[in-house]
Amino acid sequence: MRDALVAAAFRLFLERGYEQTTVDDIVALAGVGRRSFFRYFPSKEDVVFPDHERCLADMTAFLAASGKEHEPVRRVCDAARLVLLMYAENPSFSVQRYRLTKQVPGLRAYELSVVWRYERALAEYLRGRFTGRPDGTLHADVIAAAVVAAHNNALRSWLRSAGQGDASTTVDHALGYVQSAFGAPPTASASSTSTATTATTAGPAFPSLPMPPTGDMPDDVVVVVSRRGAPLWRVVQEIETTLGRD
């Protein structure tokens, strides 16, 4: 029933347009009543994103099952890959949704609220792992935002290509930047100690985080400063405007 409602909704969205399609239209095409629709979806917007609640639950469970042996930055990168797997399960549907979301401002705002929930789940896990560290909450929030930004940059690139190519390779490449910049080095060697000492002397913004070798730093880095409480959609808009991307 759930899948039938989604299929009916997207058929009508493509034929008539999102704004011109009502819940009554969707249930009529699916051959069910309004009560059946609202049993599965609280609103018309929710039928466009039918799989995010399940994916968010999977991500939360994945992070909750983490142990002390898991390097925290690598763990949140792996958690973000669960979102990619959700999109890759049905590339044609994911591409349709991406194109529809770009056309409808209300869906774009809804999508941003979903993205914020993913980011919050990552940040809460990292805050627990960084408890007691100097600026632990700040580190957690910055890394969570970086993971989401890297993942979404690669995901949108794949969606713009109409789902062509290997999405996992693109996302792995993007998340590699986050792991390189914020993750712990593979081994606690003298060289890593030297790197940390040099970074502290240079006075980076996050002195307690290991800094990657210069050759591993991305060439295109954008830093956006926003006031606390600014809506997420405005922050994303600033980033997209700076980068000149969708």
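Since the structure is predicted, the reported quantities are computational estimates derived from the model, not experimental observations. (Residues numbered from 1 in each chain as written. Predicted model: local features only at pLDDT ≥ 70, side-chain atom pairs only at ≥ 80, totals over all residues. Heavy atoms only, no water.)

Peer 1: Would you take a moment to explain the overall build of the protein for this structure?
Peer 2: When its secondary structure is counted, the protein shows 12 helices and 0 strands. Going through the 246 residues of the protein one by one, you find that 39% of them count as buried. Counting contacts in the protein only where the partners sit at least 6 residues apart, residues at least 24 apart contribute 69% of the total. For the protein, the exposed area adds up to about 13,700 Å²; of that, 54% sits on carbon and sulfur atoms. (Helix = DSSP H or I, 4+ residues; strand = E, 2+ residues; numbered from the N terminus. Buried < 20%, exposed > 50% of the residue type's maximum accessible area, 1.4 Å probe, protein only. Contact = heavy atoms within 4.5 Å. Areas by Shrake-Rupley, 256 points an atom, 1.4 Å probe, with all protein chains shown as cover.)

Peer 1: So what exactly am I meant to see when it comes to the pattern of salt bridges here?
Peer 2: Side chains that differ in charge, positive against negative, can pair when their charged atoms come close. All told, the structure shown has 11 salt bridges when counted by the stated rule. Across the salt bridge formed by arginine 11 and glutamate 15, the nearest N and O atoms sit 3.2 Å from each other. Of this pair, arginine 11 and glutamate 15 both sit in helix α1 (residues 2–16), 4 residues apart, roughly one helical turn. Look at the salt bridges and you will find they share partners, linking Arg54, Asp58 and Glu89 into a network. (Salt bridge = Lys/Arg side-chain N within 4 Å of Asp/Glu carboxyl O.)

Peer 1: Quick question: what am I supposed to make of helix α2 (residues 23–30) here?
Peer 2: Because an α-helix packs 3.6 residues into every turn, residues spaced three or four apart end up facing the same way. Along α2, the residues that are buried comprise Val23, Ile26 and Val27. The arc enclosing the buried residues of α2, seen along the axis, measures out at 90 degrees, which places them on a common side. Summarising the contacts, the buried residues of α2 are in contact with α1, α3 (34–40) and α4 (44–48). Just past α2, the residue glycine 31 takes up positive phi, approximately 75 degrees. (Arc of directions from axis to C-beta.)

Peer 1: How should the environment of phenylalanine 10 be read in this particular structure?
Peer 2: When you line up the elements, phenylalanine 10 lands in helix α1. When its relative accessible area of 5% is taken as the criterion, phenylalanine 10 is described as buried. Separated by 86 residues in sequence, phenylalanine 10 and glutamine 96 place their C-alpha atoms 8.4 Å apart.

Peer 1: Even after reading the chapter, I still don't get the packing of helix α7 (residues 91–103) against helix α9 (residues 136–160), so can you show me in this structure?
Peer 2: How two helices sit against one another is set out by the angle between their axes and by the gap between those axes. With their axes 9 Å apart at the nearest point, α7 and α9 run at an angle of 100 degrees to one another. On the basis of the axis angle, α7 is roughly perpendicular to α9. On α9, the residues touching Pro91, Ser94, Val95 and Tyr98 of α7 are Arg156, Trp158, Leu159 and Arg160. Taken together, the residues that form the contact of α7 with α9 break down as 5 nonpolar, 1 polar and 2 charged. (Axes fitted to C-alpha atoms, helices over the stretch in contact; angles between N-to-C directions. Parallel < 35°, antiparallel > 145°, perpendicular 65-115°, else oblique. Nonpolar A, V, L, I, M, F, W, Y, C, P; charged D, E, K, R; others polar.)

Peer 1: What is the right way to read the packing of helix α6 (residues 72–89) against helix α10 (residues 167–182) from this model?
Peer 2: Close contact between α6 and α10 brings their axes to 10 Å; oriented N to C, the two are set at 160 degrees. On the basis of their axis angle, the class for α6 and α10 is roughly antiparallel. Both α6 and α10 take part in a crossing whose hand is right-handed. Of the residues in α10, those in contact with Val73, Arg74, Cys77, Arg81 and Leu84 of α6 are Ala167, Ser168, Val171, Asp172, Leu175, Val178, Gln179 and Phe182. Here the residues of the contact of α6 with α10 sort into 8 nonpolar, 2 polar and 3 charged. (Left-handed = near helix turned anticlockwise from the far one by under 90°.)

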